[in-house]
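These are the residues of each chain, in order.
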Amino acid sequence: ELKQDLQRSENEGFSIINESSKKKDLMKKNAGNDAPDQETIVQALIKSYWSEIETVINYIAHSVNLDGVRAQEIKKSLSAEVGDELMHAQNLAKRIKELKGTIPTSAGFKSQQPFLQATPDTNNVKVVIKGVISAEEGAIRQYRELIKMCGKNEDYVTQELIIDNLSDEEAHKSIFEGFLKEYE
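As the structure is a computational prediction, the values presented were derived from the model and not from experiment.

What counts, and where the lines are drawn
Residues numbered from 1 in each chain as written. Predicted model: local features only at pLDDT ≥ 70, side-chain atom pairs only at ≥ 80, totals over all residues. Heavy atoms only, no water. pLDDT = per-residue confidence, 0-100. Contact = heavy atoms within 4.5 Å. 1 Å grid on protein atoms, 1.4 Å probe; cavity = no way out; pocket = protein on both sides within 12 Å on 5 of 7 lines; lining within 4 Å. Points joined across faces, edges and corners; volume = space filled by probe spheres on them. Nonpolar A, V, L, I, M, F, W, Y, C, P; charged D, E, K, R; others polar. Helix = DSSP H or I, 4+ residues; strand = E, 2+ residues; numbered from the N terminus. Buried < 20%, exposed > 50% of the residue type's maximum accessible area, 1.4 Å probe, protein only. Lys, Arg positive; Asp, Glu negative; His and termini not counted. Salt bridge = Lys/Arg side-chain N within 4 Å of Asp/Glu carboxyl O. Phe/Tyr/Trp six-rings, centres within 6.5 Å; stacked < 30°, edge-to-face > 60°.

This part takes up the confidence of the model for the protein chain. Per-residue pLDDT for the protein chain has a mean of 87; in total, 82% of the residues score no lower than 70. In the model, residues 22–32 has pLDDT below 50 throughout and makes zero contacts with residues more than four positions away in sequence or in other chains.

Okay, structure coming up:
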């Protein structure tokens, strides 16, 4: 009888473990239904990478092209931010590679910042400031979306990187919003 009780106990124990394992598998499966796959995150990182590269190009151009006494502070600020934006692009590229993605080369580049293009009037500082704010808002939106995606996918390393970038972009936006107040 003791032998039968042990056998029954072992079978019930196995049954409980098996049920528990099935529930965990089902929970994982259901939790992952709305989680983006790694390739989706890589593609979003590539989109952000290109945005940072384009921002670098545009900030360099405006930091050189702008004219006038009032433009000097803006030019200085744009020059300083080039380094931050380039660092973001480099960090994104490293993370793309770590996630088994391929960092695209210039053949894949498509401009997405019509609001930051050079204008014939190199004294029109206000247009540049508004363009910078638009670029920063675009980066902020993209980074917030990436943060959500990474959280759903439990990719906390990428999420932390993006949170750091987001913090910088919010600070940049704030600086240029301050500049804009002087022109309105």
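Here we take up empty space enclosed by the protein. Which parts of space are left empty comes out when a probe the size of a water molecule is rolled across the atoms. Per the counting criterion, the structure on display carries two cavities of 30 Å³ or more. Each pocket or cavity is described by its volume, and for the largest cavity that value is around 50 Å³. His62, Asn65, Leu66, Ala118, Thr119, Asp121, Thr122, Asn124 and Val128 are the residues that line the largest cavity. Among the residues forming the lining of the largest cavity, the class breakdown is three nonpolar, five polar and one charged. If you add up the space inside the second largest cavity, you get close to 30 Å³. Around the second largest cavity, the lining residues are Ser51, Glu52, Thr55, Glu85, Ala135, Glu136, Ala139 and Glu169. Those elements that place two or more of their residues in the lining of the second largest cavity are α2 (38–65) and α4 (125–152). When the residues that make up the lining of the second largest cavity are grouped by side-chain class, the tally is two nonpolar, two polar and four charged.

The phi dihedral of Lys100 falls on the positive side, at around 70°, and the residue is not glycine. Its place among the elements puts Lys100 in the loop between α3 (72–98) and α4. Look at Lys100 and you get exposed, because its relative accessible area is 72%. Here the phi dihedral of Glu154 falls at roughly 55°; this positive angle occurs in a residue that is not glycine. Mapping Glu154 onto the fold places it in the loop between α4 and α5 (156–183). Looking at Glu154, the relative accessible area reads 59%, which means it is exposed.

Attention shifts here to the side chain of Glu169. Along the chain, the position of Glu169 falls in helix α5. An unpaired buried charge is present at Glu169: no salt bridge exists, and Lys173, the closest side chain of opposite charge, is 11 Å distant. Non-local contacts of Glu169, meaning those with residues more than four positions away in its chain, are made with Glu52, Glu85, His88, Glu136, Ala139, Ile140 and Tyr143.

In this section: the packing of aromatic side chains. Centre-to-centre distance and the angle between the planes together describe a pair of aromatic rings. This model, assessed by the stated rule, comprises three aromatic pairs. Centroid distance Phe176 to Phe179: 5.1 Å. Interplanar angle 80°. Geometry classified as edge-to-face. Note that Phe176 and Phe179 are positioned in helix α5 at a spacing of three residues, about one turn of the helix. Residue classification places Phe176 among the buried positions, given a relative accessible area of 0%. Here Phe179 falls in the buried class, since its relative accessible area comes to 12%.

Here we come to the pattern of salt bridges. All told, the structure shown has six salt bridges when counted by the stated rule. For the salt bridge of Lys76 with Glu73, the shortest nitrogen-to-oxygen distance reads 3.7 Å. Placement of the pair is Lys76 and Glu73 together in helix α3, with a separation of three residues, close to one helical turn. What makes Lys76 exposed here is its relative accessible area of 55%. Classification of Glu73 as partly exposed rests on a relative accessible area of 43%. Look at the salt bridges and you will find they share partners, linking Arg95, Glu98 and Asp155 into a network.

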